[in-house]
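# Structure at a glance
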Amino acid sequence: MGTVLDPHFLALTAIVTVGYQFLFFIITALLKFDKVTDFAGSTNFVIIAVLTLVLKGAWHFRQVVLTLFVVVWGLRLGLFLLMRILQWGEDRRFDEMRSNIGKLAVFWIFQAVWVWSVSLPVTVVNASDRDPSIQAADIIGWIMWLVGLGVEAAADQQKLRFKNSPESRGKWCNAGFWRISRHPNYFGEIFLWWGVFLASTPVLEGAEWLVILGPVFLTLLLLFVSGIPLLEESADKKFGNVAEYRHYKRTTSPLIPLPSTVYEKLPAWFKATFLFEFPFYSKSLPQGERLSWYRGSRTESDTGSKMS
(Lines give C-alpha, C1' and ligand atoms only; values in the text may rest on other atoms or scores of the structure.)
Protein backbone atom coordinates (compact mmCIF):
# COMPACT_ATOMS: atom_id res chain seq x y z
CA MET A 1 0.00 0.00 0.00
CA GLY A 2 2.99 2.24 0.60
CA THR A 3 2.62 5.98 0.94
CA VAL A 4 -0.31 7.53 2.82
CA LEU A 5 -0.26 11.37 2.89
CA ASP A 6 3.55 11.36 3.12
CA PRO A 7 6.21 8.66 2.62
CA HIS A 8 7.12 8.50 6.32
CA PHE A 9 3.54 8.30 7.66
CA LEU A 10 4.21 11.40 9.78
CA ALA A 11 1.00 13.22 8.85
CA LEU A 12 -1.09 10.06 9.11
CA THR A 13 0.19 9.18 12.58
CA ALA A 14 -0.30 12.78 13.71
CA ILE A 15 -3.93 12.76 12.54
CA VAL A 16 -4.62 9.38 14.14
CA THR A 17 -2.98 10.43 17.41
CA VAL A 18 -4.83 13.74 17.64
CA GLY A 19 -8.14 12.04 16.83
CA TYR A 20 -7.62 9.25 19.36
CA GLN A 21 -6.57 11.59 22.16
CA PHE A 22 -9.39 14.03 21.31
CA LEU A 23 -11.92 11.20 21.70
CA PHE A 24 -10.71 10.43 25.22
CA PHE A 25 -10.50 14.14 26.02
CA ILE A 26 -14.21 14.46 25.22
CA ILE A 27 -14.99 11.45 27.42
CA THR A 28 -12.95 12.89 30.29
CA ALA A 29 -14.37 16.41 29.94
CA LEU A 30 -18.03 15.42 29.63
CA LEU A 31 -18.15 12.50 32.06
CA LYS A 32 -15.45 13.68 34.49
CA PHE A 33 -13.98 10.21 34.04
CA ASP A 34 -10.20 10.30 34.13
CA LYS A 35 -9.41 6.64 34.75
CA VAL A 36 -8.61 5.98 31.08
CA THR A 37 -5.98 8.67 30.51
CA ASP A 38 -2.89 6.48 30.82
CA PHE A 39 -4.63 3.66 28.96
CA ALA A 40 -5.37 6.08 26.10
CA GLY A 41 -1.73 7.10 25.91
CA SER A 42 -0.24 3.60 26.01
CA THR A 43 -2.67 2.05 23.54
CA ASN A 44 -2.13 4.92 21.12
CA PHE A 45 1.45 3.67 20.69
CA VAL A 46 0.09 0.25 19.78
CA ILE A 47 -2.30 1.71 17.21
CA ILE A 48 0.45 3.73 15.51
CA ALA A 49 2.89 0.81 15.36
CA VAL A 50 0.37 -1.72 13.99
CA LEU A 51 -1.23 0.77 11.59
CA THR A 52 2.06 1.82 9.98
CA LEU A 53 3.20 -1.79 9.66
CA VAL A 54 -0.05 -2.89 8.02
CA LEU A 55 -0.25 0.08 5.66
CA LYS A 56 3.29 -0.42 4.38
CA GLY A 57 2.33 -3.87 3.12
CA ALA A 58 5.90 -5.19 2.74
CA TRP A 59 7.11 -6.37 6.13
CA HIS A 60 10.75 -6.80 7.01
CA PHE A 61 12.02 -8.65 10.06
CA ARG A 62 13.24 -5.46 11.75
CA GLN A 63 9.86 -3.81 11.28
CA VAL A 64 8.02 -6.78 12.77
CA VAL A 65 10.35 -6.96 15.77
CA LEU A 66 10.09 -3.25 16.63
CA THR A 67 6.33 -3.26 16.12
CA LEU A 68 6.01 -6.29 18.40
CA PHE A 69 8.14 -4.51 21.00
CA VAL A 70 5.81 -1.50 20.99
CA VAL A 71 2.69 -3.68 21.15
CA VAL A 72 3.99 -5.69 24.12
CA TRP A 73 5.15 -2.57 25.96
CA GLY A 74 1.98 -0.59 25.25
CA LEU A 75 -0.48 -3.31 26.19
CA ARG A 76 1.45 -4.28 29.32
CA LEU A 77 1.71 -0.72 30.57
CA GLY A 78 -1.79 0.32 29.50
CA LEU A 79 -3.53 -2.61 31.17
CA PHE A 80 -1.39 -2.31 34.29
CA LEU A 81 -2.16 1.39 34.71
CA LEU A 82 -5.85 0.87 33.98
CA MET A 83 -6.19 -1.91 36.56
CA ARG A 84 -4.23 0.13 39.09
CA ILE A 85 -6.33 3.27 38.77
CA LEU A 86 -9.55 1.25 38.89
CA GLN A 87 -8.29 -0.27 42.13
CA TRP A 88 -6.98 2.95 43.68
CA GLY A 89 -9.79 5.27 42.55
CA GLU A 90 -9.38 8.78 41.16
CA ASP A 91 -6.19 10.02 39.52
CA ARG A 92 -4.93 12.82 41.77
CA ARG A 93 -3.14 14.49 38.87
CA PHE A 94 -6.56 15.67 37.68
CA ASP A 95 -7.81 17.14 40.95
CA GLU A 96 -7.20 20.66 39.62
CA MET A 97 -8.18 19.86 36.03
CA ARG A 98 -11.63 18.34 36.32
CA SER A 99 -13.29 21.74 36.59
CA ASN A 100 -10.80 23.56 34.33
CA ILE A 101 -11.31 22.63 30.69
CA GLY A 102 -8.26 24.65 29.62
CA LYS A 103 -5.83 22.77 31.85
CA LEU A 104 -7.44 19.49 30.85
CA ALA A 105 -7.02 20.31 27.16
CA VAL A 106 -3.35 21.18 27.67
CA PHE A 107 -2.78 17.78 29.30
CA TRP A 108 -4.33 15.91 26.36
CA ILE A 109 -2.42 17.99 23.81
CA PHE A 110 0.79 17.22 25.67
CA GLN A 111 -0.07 13.53 25.72
CA ALA A 112 -0.67 13.54 21.96
CA VAL A 113 2.74 15.16 21.39
CA TRP A 114 4.34 12.57 23.67
CA VAL A 115 2.81 9.63 21.80
CA TRP A 116 3.58 10.93 18.31
CA SER A 117 7.15 12.02 19.01
CA VAL A 118 8.25 8.97 21.00
CA SER A 119 6.78 6.70 18.28
CA LEU A 120 8.91 8.35 15.58
CA PRO A 121 11.64 5.66 15.35
CA VAL A 122 9.12 2.86 14.79
CA THR A 123 6.99 5.01 12.47
CA VAL A 124 9.94 5.80 10.21
CA VAL A 125 11.27 2.23 10.23
CA ASN A 126 7.85 0.85 9.29
CA ALA A 127 7.57 3.38 6.45
CA SER A 128 11.01 2.59 5.03
CA ASP A 129 11.77 0.38 2.04
CA ARG A 130 15.33 -0.17 3.23
CA ASP A 131 16.12 -3.53 4.80
CA PRO A 132 19.82 -3.83 5.67
CA SER A 133 21.02 -7.01 7.32
CA ILE A 134 20.81 -7.34 11.10
CA GLN A 135 23.64 -5.38 12.70
CA ALA A 136 25.17 -4.93 16.14
CA ALA A 137 22.96 -1.87 16.69
CA ASP A 138 19.89 -4.07 16.27
CA ILE A 139 21.06 -6.66 18.78
CA ILE A 140 22.15 -4.09 21.35
CA GLY A 141 18.88 -2.18 20.91
CA TRP A 142 16.82 -5.33 21.38
CA ILE A 143 18.76 -6.23 24.52
CA MET A 144 18.22 -2.70 25.86
CA TRP A 145 14.49 -3.06 25.21
CA LEU A 146 14.34 -6.40 27.02
CA VAL A 147 16.27 -5.06 30.02
CA GLY A 148 14.21 -1.88 30.14
CA LEU A 149 10.90 -3.71 29.90
CA GLY A 150 11.97 -6.18 32.58
CA VAL A 151 13.00 -3.42 34.99
CA GLU A 152 9.87 -1.35 34.35
CA ALA A 153 7.46 -4.28 34.70
CA ALA A 154 9.18 -5.65 37.81
CA ALA A 155 9.34 -2.22 39.45
CA ASP A 156 5.64 -1.61 38.75
CA GLN A 157 4.66 -4.91 40.34
CA GLN A 158 6.96 -4.40 43.32
CA LYS A 159 5.46 -1.00 44.06
CA LEU A 160 1.92 -2.30 43.62
CA ARG A 161 2.54 -5.12 46.11
CA PHE A 162 4.17 -2.66 48.50
CA LYS A 163 1.22 -0.25 48.31
CA ASN A 164 -1.30 -3.07 48.81
CA SER A 165 0.50 -4.43 51.89
CA PRO A 166 -1.07 -3.30 55.20
CA GLU A 167 2.41 -3.08 56.73
CA SER A 168 3.41 -0.49 54.12
CA ARG A 169 0.67 2.03 54.77
CA GLY A 170 2.09 5.52 55.18
CA LYS A 171 5.56 4.52 53.97
CA TRP A 172 7.58 5.15 50.81
CA CYS A 173 8.42 2.22 48.55
CA ASN A 174 11.94 0.87 49.01
CA ALA A 175 11.39 -2.75 47.96
CA GLY A 176 13.15 -4.58 45.13
CA PHE A 177 14.45 -2.21 42.45
CA TRP A 178 13.25 0.70 44.57
CA ARG A 179 16.13 0.01 46.96
CA ILE A 180 18.67 1.00 44.31
CA SER A 181 16.68 3.62 42.38
CA ARG A 182 14.01 6.08 43.47
CA HIS A 183 12.32 5.75 40.05
CA PRO A 184 13.32 2.41 38.48
CA ASN A 185 10.16 2.25 36.38
CA TYR A 186 11.17 5.49 34.64
CA PHE A 187 14.69 4.16 34.15
CA GLY A 188 13.22 1.09 32.46
CA GLU A 189 10.98 3.15 30.19
CA ILE A 190 13.74 5.51 29.13
CA PHE A 191 16.19 2.63 28.58
CA LEU A 192 13.82 0.58 26.41
CA TRP A 193 12.90 3.53 24.16
CA TRP A 194 16.56 4.37 23.62
CA GLY A 195 16.91 0.70 22.70
CA VAL A 196 14.13 1.06 20.12
CA PHE A 197 15.89 4.10 18.67
CA LEU A 198 19.24 2.30 18.50
CA ALA A 199 17.62 -0.66 16.73
CA SER A 200 16.14 1.75 14.17
CA THR A 201 19.47 3.35 13.23
CA PRO A 202 20.53 0.83 10.53
CA VAL A 203 17.56 2.05 8.48
CA LEU A 204 17.92 5.80 9.00
CA GLU A 205 19.28 8.17 6.38
CA GLY A 206 19.63 11.96 6.26
CA ALA A 207 16.87 13.86 8.03
CA GLU A 208 15.39 10.59 9.31
CA TRP A 209 17.96 10.76 12.10
CA LEU A 210 15.73 13.43 13.64
CA VAL A 211 13.68 10.57 15.09
CA ILE A 212 16.19 10.78 17.95
CA LEU A 213 13.92 13.57 19.17
CA GLY A 214 11.56 10.82 20.34
CA PRO A 215 13.71 9.32 23.12
CA VAL A 216 15.19 12.75 23.85
CA PHE A 217 11.71 14.18 24.41
CA LEU A 218 10.76 11.24 26.65
CA THR A 219 13.93 11.60 28.71
CA LEU A 220 13.50 15.33 29.19
CA LEU A 221 9.81 14.88 29.99
CA LEU A 222 10.47 12.38 32.78
CA LEU A 223 13.52 14.17 34.14
CA PHE A 224 12.23 17.74 34.13
CA VAL A 225 8.46 17.94 33.66
CA SER A 226 5.81 15.38 34.52
CA GLY A 227 7.82 12.45 35.83
CA ILE A 228 10.44 12.60 38.55
CA PRO A 229 9.92 16.26 39.65
CA LEU A 230 6.24 15.75 40.49
CA LEU A 231 6.80 12.50 42.36
CA GLU A 232 9.81 13.84 44.26
CA GLU A 233 7.82 16.89 45.32
CA SER A 234 4.91 14.74 46.47
CA ALA A 235 7.14 12.35 48.44
CA ASP A 236 9.12 15.17 50.05
CA LYS A 237 5.93 16.85 51.24
CA LYS A 238 4.70 13.58 52.78
CA PHE A 239 7.92 12.27 54.28
CA GLY A 240 10.36 15.19 54.29
CA ASN A 241 10.32 15.42 58.08
CA VAL A 242 11.13 11.71 58.48
CA ALA A 243 14.86 11.12 59.02
CA GLU A 244 14.76 7.61 57.52
CA TYR A 245 13.21 8.92 54.33
CA ARG A 246 15.83 11.64 53.99
CA HIS A 247 18.53 9.03 54.46
CA TYR A 248 16.90 6.85 51.79
CA LYS A 249 16.76 9.77 49.41
CA ARG A 250 20.37 10.79 50.03
CA THR A 251 21.72 7.27 49.51
CA THR A 252 19.51 6.18 46.61
CA SER A 253 20.03 7.14 42.99
CA PRO A 254 17.11 9.10 41.49
CA LEU A 255 17.08 7.12 38.22
CA ILE A 256 19.98 4.82 37.30
CA PRO A 257 20.03 1.77 39.60
CA LEU A 258 23.12 1.72 41.82
CA PRO A 259 23.90 0.06 45.17
CA SER A 260 23.32 2.59 47.94
CA THR A 261 26.79 1.94 49.36
CA VAL A 262 28.25 3.12 46.06
CA TYR A 263 25.89 6.02 45.44
CA GLU A 264 26.28 7.44 48.94
CA LYS A 265 30.04 7.87 48.53
CA LEU A 266 29.92 9.69 45.19
CA PRO A 267 30.57 13.47 45.24
CA ALA A 268 27.59 15.77 44.76
CA TRP A 269 28.96 17.21 41.49
CA PHE A 270 29.24 13.72 40.00
CA LYS A 271 25.67 12.84 41.01
CA ALA A 272 24.30 16.05 39.49
CA THR A 273 26.33 15.73 36.28
CA PHE A 274 26.05 12.04 35.46
CA LEU A 275 23.26 10.58 37.65
CA PHE A 276 20.60 13.32 37.36
CA GLU A 277 20.52 14.25 41.05
CA PHE A 278 19.33 17.80 40.44
CA PRO A 279 18.86 20.25 43.35
CA PHE A 280 15.27 21.03 42.36
CA TYR A 281 14.34 17.42 43.11
CA SER A 282 14.69 18.40 46.77
CA LYS A 283 13.04 21.82 46.72
CA SER A 284 10.17 20.56 48.91
CA LEU A 285 12.40 19.27 51.68
CA PRO A 286 12.60 21.35 54.89
CA GLN A 287 14.84 24.39 54.38
CA GLY A 288 17.63 23.21 56.65
CA GLU A 289 17.73 19.81 55.03
CA ARG A 290 17.93 21.34 51.57
CA LEU A 291 21.01 23.34 52.54
CA SER A 292 22.79 20.32 53.96
CA TRP A 293 21.74 18.31 50.91
CA TYR A 294 23.45 20.71 48.51
CA ARG A 295 26.62 20.66 50.60
CA GLY A 296 26.58 16.87 50.54
CA SER A 297 26.60 16.62 54.34
CA ARG A 298 24.37 14.85 56.81
CA THR A 299 22.17 16.36 59.44
CA GLU A 300 22.50 15.14 62.99
CA SER A 301 19.07 13.52 62.85
CA ASP A 302 20.03 11.47 59.78
CA THR A 303 23.32 10.38 61.30
CA GLY A 304 21.56 9.29 64.44
CA SER A 305 18.87 7.51 62.48
CA LYS A 306 21.44 5.49 60.56
CA MET A 307 23.18 4.41 63.72
CA SER A 308 20.03 3.49 65.61
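It should be emphasised that the depicted structure is a prediction, and the values quoted were computed from it without experimental measurement.

### Comments concerning the overall build of the protein chain
Assigned secondary structure in the protein chain consists of 14 helices and 0 strands. Starting at the N terminus and walking to the C terminus, you meet the elements of the protein chain as α-α-α-α-α-α-α-α-α-α-α-α-α-α. For the protein chain, buried positions account for 50% of its 308 residues. Considering only contacts within the protein chain whose residues lie at least 6 apart along the sequence, 75% involve residues at least 24 apart. For the protein chain, the exposed area adds up to about 14800 Å²; of that, 69% sits on carbon and sulfur atoms.

### With respect to the UniProt feature "transmembrane region" (unreviewed entry) in the protein chain
Summarizing the sequence annotation, UniProt attributes the feature "transmembrane region" (unreviewed entry) to residues 12-31, 43-59, 65-83, 104-127, 139-155, 186-204 and 210-231 in the numbering used throughout. Secondary structure across residues 43-59 comprises 82% helix and 0% strand; the distance between its end C-alpha atoms is 22 Å. The annotated region residues 139-155 carries 100% helix and 0% strand content, and the separation between its end C-alpha atoms amounts to 24 Å.

### What about unusual backbone geometry?
Positive phi is not limited to glycine here, since F9 has a value of about 65 degrees. Checked against the element boundaries, F9 lands in the segment before α1 (10-31).

### A short note on the nonpolar core
By size, the foremost hydrophobic cluster in this structure holds 37 residues, and its most contacted members are F45, L66, W73, W114, W145, W193 and L255. Listing elements by their share of this core, those giving two or more residues are α2 (37-56), α3 (61-88), α4 (101-118), α5 (120-127), α6 (136-164), α7 (184-200) and α8 (213-225). Residue contributions to this core peak at 8 residues, all from α3. Here this core spans two domains, and each of domain 1 (10-226) and domain 2 (228-298) adds at least three residues to it. What L66 contacts, discounting residues up to four positions off in sequence, is V122, V125, W142, V196, A199 and S200. Y20, F24, V36 and L82 belong to the second largest nonpolar core, which has 11 residues in total.

### Description of the packing of α1 against α4
At a minimum axis separation of 9 Å, α1 and α4 run at an interaxial angle of 150 degrees. One way to sum up the angle between α1 and α4 is to call them roughly antiparallel. Here the hand of the crossing between α1 and α4 comes out right-handed. For the pair α1 and α4, the contacting residues are L10, T13, A14, T17, Q21, F24, F25, T28 and A29 in the first and I101, L104, A105, W108, Q111, A112, V115 and W116 in the second. Looking at the contact of α1 with α4 residue by residue, the classes come out as 12 nonpolar, 5 polar and no charged.

### What to know about the environment of S234
Locating S234 in the fold gives a position in helix α9 (residues 228-239). For S234, a relative accessible area of 32% puts it in the partly exposed group.

### Some details on the packing of aromatic side chains
Counted according to the given criterion, the structure contains 25 aromatic pairs. When the ring of F45 is compared with that of W114, the centres are 4.9 Å apart and the planes differ by 75 degrees; the resulting orientation is edge-to-face. In this pair, F45 sits in helix α2 while W114 sits in helix α4, placing the two residues 69 residues apart along the sequence. As far as the burial class goes, F45 and W114 line up, both buried.

### Remarks on the packing of α5 against α7
Remark: α5 packs on α7, axes separated minimally by 9 Å, with the N-to-C direction vectors making an angle of 25 degrees. Taken together, α5 and α7 sit at an angle that is classed as roughly parallel. When the axes of α5 and α7 are compared, the crossing they make is left-handed. Each of P121, V122 and V125 in α5 lies in contact with α7, whose residues at this interface are V196, F197 and S200. Of the residues assigned to the contact of α5 with α7, the class counts are 5 nonpolar, 1 polar and no charged.

### As for the side chain of S117
Inspection of the secondary structure assignment puts S117 in helix α4. For S117, the side chain forms a polar contact with the main-chain oxygen of W114, separated by 3.3 Å. Once you skip the residues sitting within four places of it in the chain, S117 turns out to touch G214 and F217.

### A closer look at the pattern of salt bridges
One pass over the structure, following the stated rule, counts 12 salt bridges. A salt bridge links E232 to K249; its shortest N-O distance comes to 2.9 Å. Taken together, the residues E232 in helix α9 and K249 in helix α10 (residues 243-251) connect sequence positions 17 residues apart. Comparing E232 with K249 shows no difference in burial state: the two are buried. A network of salt bridges, in which partner residues are shared, links R182, E232, D236, K249 and E277.

### Points about a nonpolar patch on the surface
Taken together, the side chains of F22, I26, L30, L31, F33, M83 and L86 define a hydrophobic patch exposed on the protein surface, amounting to about 710 Å² of accessible area. The leading source of residues in the nonpolar patch is α1, at 4 residues. Structurally, the position occupied by F22 is in helix α1.

Cut-off values and rules
Residues numbered from 1 in each chain as written. Predicted model: local features only at pLDDT ≥ 70, side-chain atom pairs only at ≥ 80, totals over all residues. Heavy atoms only, no water. Helix = DSSP H or I, 4+ residues; strand = E, 2+ residues; numbered from the N terminus. Buried < 20%, exposed > 50% of the residue type's maximum accessible area, 1.4 Å probe, protein only. Contact = heavy atoms within 4.5 Å. Areas by Shrake-Rupley, 256 points an atom, 1.4 Å probe, with all protein chains shown as cover. UniProt positions renumbered as here; feature names shortened; annotations may be inferred. Core = buried A, V, L, I, M, F, W, Y, C linked by side-chain atoms within 4.5 Å. Domains from an automatic or database assignment. Axes fitted to C-alpha atoms, helices over the stretch in contact; angles between N-to-C directions. Parallel < 35°, antiparallel > 145°, perpendicular 65-115°, else oblique. Left-handed = near helix turned anticlockwise from the far one by under 90°. Nonpolar A, V, L, I, M, F, W, Y, C, P; charged D, E, K, R; others polar. Phe/Tyr/Trp six-rings, centres within 6.5 Å; stacked < 30°, edge-to-face > 60°. Polar contact = N/O pair within 3.5 Å; in protein donor to acceptor, adjacent residues only side chain to side chain. Salt bridge = Lys/Arg side-chain N within 4 Å of Asp/Glu carboxyl O. Patch = residues over 30% accessible without salt bridge, like charges linked within 9 Å, V, L, I, M, F, W, Y side chains within 5 Å.

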